[in-house]
Structure formats: C-alpha cells, structure tokens
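The primary structure of each chain is shown beneath.
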Amino acid sequence: MIVPVTRRSVVISAAIVAAAVAILLWMGRPPICTCGAVKLWVGAVNSADNSQHIADWYTLSHIIHGFLFYALGWLFLRRNPPGDRLIAAVLIEAGWEVLENSPIIIDRYRETTIALGYTGDSVLNSLMDVLWMVAGFAIARRVPVWVPVVLAIAFEFVALAIIRDNLTLNVLMLVAPSDSIRTWQAGA
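What comes next concerns the included structure. Residue numbers here run from 1 along each chain, matching the order of that chain's written sequence. Residue-level local features of this predicted model are given only where pLDDT is at least 70; pairs of side-chain atoms are given and counted only at 80 or more, and the full residue set underlies all totals for whole chains, interfaces and linings. Computation of side-chain values: all heavy atoms of the structure, hydrogens and water removed.

### Regarding the overall build of the protein
Thought 1: Secondary structure elements are taken from DSSP: a helix is a run of H or I of four residues or more, a strand is a run of E of two residues or more, and numbering for both begins at the N terminus. Check the secondary structure of the protein and you find eight helices and two strands.
Thought 2: Ordered by position from N to C terminus, the α and β elements of the protein give α-β-β-α-α-α-α-α-α-α.
Thought 3: For the protein, the C-alpha atoms occupy an extent of roughly 50 × 35 × 30 Å along the three principal directions.
Thought 4: Using a 1.4 Å probe on the protein chains alone, a residue whose accessible area is under 20% of its type maximum counts as buried, one over 50% counts as exposed, and one in between counts as partly exposed. Classification of the 188 residues of the protein by burial places 46% in the buried group.

### Some details on unusual backbone geometry
Thought 1: For S51, which is not glycine, the phi dihedral falls at a positive 65°.
Thought 2: Residue position: S51 is located in the loop between strand 1 (41–42) and strand 2 (55–56).
Thought 3: S51 sits in the buried class, given a relative accessible area of 8%.
Thought 4: In the Ramachandran plot, R164 falls in the positive-phi region, its phi being about 60° despite a non-glycine side chain.

### So, helix 3 (residues 82–100)
Thought 1: Its 19 residues give helix 3 an end-to-end C-alpha distance of 27 Å, which sits within 8% of 27 Å, the value for a rise of 1.5 Å per residue.
Thought 2: Of the residues making up helix 3, those classed as buried are P82, G83, R85, L86, I87, A89, V90, E93, A94, E97, V98 and E100. Here a helix's expected span is defined as the number of its residues, less one, multiplied by 1.5 Å.

### Thoughts on helix 1 (residues 7–26)
Thought 1: The terminal C-alpha atoms of helix 1, which comprises 20 residues, lie 28 Å apart, in line with the 28 Å expected from a rise of 1.5 Å per residue.
Thought 2: By the burial criterion, the buried members of helix 1 are S9, S13, I16, V17, A20 and L24. Taken down its axis, helix 1 places every buried residue within 95° of arc, on the same side. Among the exposed residues of helix 1, those pointing more than 90 degrees away from its buried face are R7, R8, V11 and W26.
Thought 3: On its buried side, helix 1 packs onto helix 3 and helix 5 (123–142). Directions from the helix axis toward the C-beta atoms define the arc. By definition in these notes, contact holds between two residues if any of their heavy atoms fall within 4.5 Å.

### Considerations on the packing of aromatic side chains
Thought 1: Two rings from Phe, Tyr or Trp (for Trp, the six-membered ring) form a pair when their centres sit within 6.5 Å of each other. Planes less than 30 degrees apart are called stacked, planes more than 60 degrees apart edge-to-face, and all others tilted. On inspection of all chains with the given rule, the structure shows four aromatic pairs.
Thought 2: Ring plane angle 80° and centroid distance 5.1 Å describe the contact between W41 and W57, whose orientation is recorded as edge-to-face. On the criterion of sequence distance, the pair formed by W41 in strand 1 and W57 in the loop between strand 2 and helix 2 (59–76) is long-range, its members being 16 residues apart.
Thought 3: Look at NZ for Lys and CZ for Arg. If either is within 6 Å of the ring centre and within 35 degrees of the ring normal, a charge sits over the ring. The ring of W74 is capped by R78, whose NZ or CZ atom sits 3.8 Å from the centre of that ring.

### Remarks on the pattern of salt bridges
Thought 1: Basic side-chain nitrogens of Lys or Arg form a salt bridge, by our definition, when they fall within 4 Å of a carboxyl oxygen of Asp or Glu. The full count for this structure, using the stated rule, is four salt bridges.
Thought 2: Between K39 and D49 there is a salt bridge, with the nearest N and O atoms lying 2.6 Å from each other. With K39 in the loop between helix 1 and strand 1 and D49 in the loop between strand 1 and strand 2, this pair connects stretches of sequence that are ten residues apart.
Thought 3: K39 sits in the partly exposed class, given a relative accessible area of 33%.
Thought 4: Judged by its relative accessible area of 16%, D49 falls in the buried class.

Take it as geometry only, folks, not as evidence of what the structure does.
Structure, rendered in structure tokens:
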C-alpha cells in the first residue's frame, strides 16, 4: 500500500517552489522566454529557445533527478513519511535551479560544456524543471524499482544519441571537464 503524501507536505513543497520562483525573479531571470512565446517543447539544443520553455531534451535529466531523489529519500529518510521525502527532493531541486541560474554556474557551463551561449533558464523553465522532477519522484514511488532504472538508462542513451549530452555528461563536464568530450559533443 502506498502511503499518501499529506496536504501539509504538498503545501510546504509548493511554498519552496514559490520561494525559488521569487528568488529567480529577484535575480533578474526572465519570467518566460525573451522571445515572448511559451512553447510546450523545444528540440533544438543549440538555440536561444533551449532552457526557456516547458520541456526540452534536458527535461529527461530532471525526471531522472526525481528517480534519484526518491531512491535517496528511501535510503536516508526511510523512517520519515513520504511527504518529508518529497519536501527534501523539492528543496534540493529548487535549490539547484537557483544555483544553476547564478553567474558562477552559468559561467561554468559556458567554460566547460558545449553550452557556449547559455545565459540561464527562464523562470518558467526552472519551475517546470522542478515539476518534472516531482513527476519522476511520483513515478518512482508507484512502480517497481526496475522501471525507473530502465527508464533512466533509456533516457540517458536517447539524449546521448540525439543531443550528445545527458545527465551523466552534464555532471561530469561541470565537475571534471574533458576537452575530448567537449570536442565530441560539438560534433567534431
């Protein structure tokens, strides 16, 4: 039996997301794409629309975050109710969205990855990234363990094959950049 997430946990999670949105707006992040449009999907990675709309190829990474945060919550917060695990996951993801859109991380992306023209996410995209993580968390909560494992591997391979990037390479290039990987990602 799946223990339901309490209303309290949902309210606290929503408050965390609202705080992150307020911080991003305070930081000067654009609410939506500066192009003035809101798109459901953007498939072009090397475009000004990437990381500006509801979903893009990096959405797969945020769903995987949900899988991973659910697993970490199960490992380290096993005695806590599921709502506490959700709050922790939302806090981590929302915190990452704020950090990711700070000058230090934006500059790091430009220095070490193929995201040479990256200027950060729109607030809409950051909000959706958190919600995509929550979707991954919810999926992991309701299905057998093998399902998110298979989905995560599939998502990583699909993104790798189509855009030459994925969560694994993204983390690797931020932590320990490799010129050979950057060259390969650029299509050279």
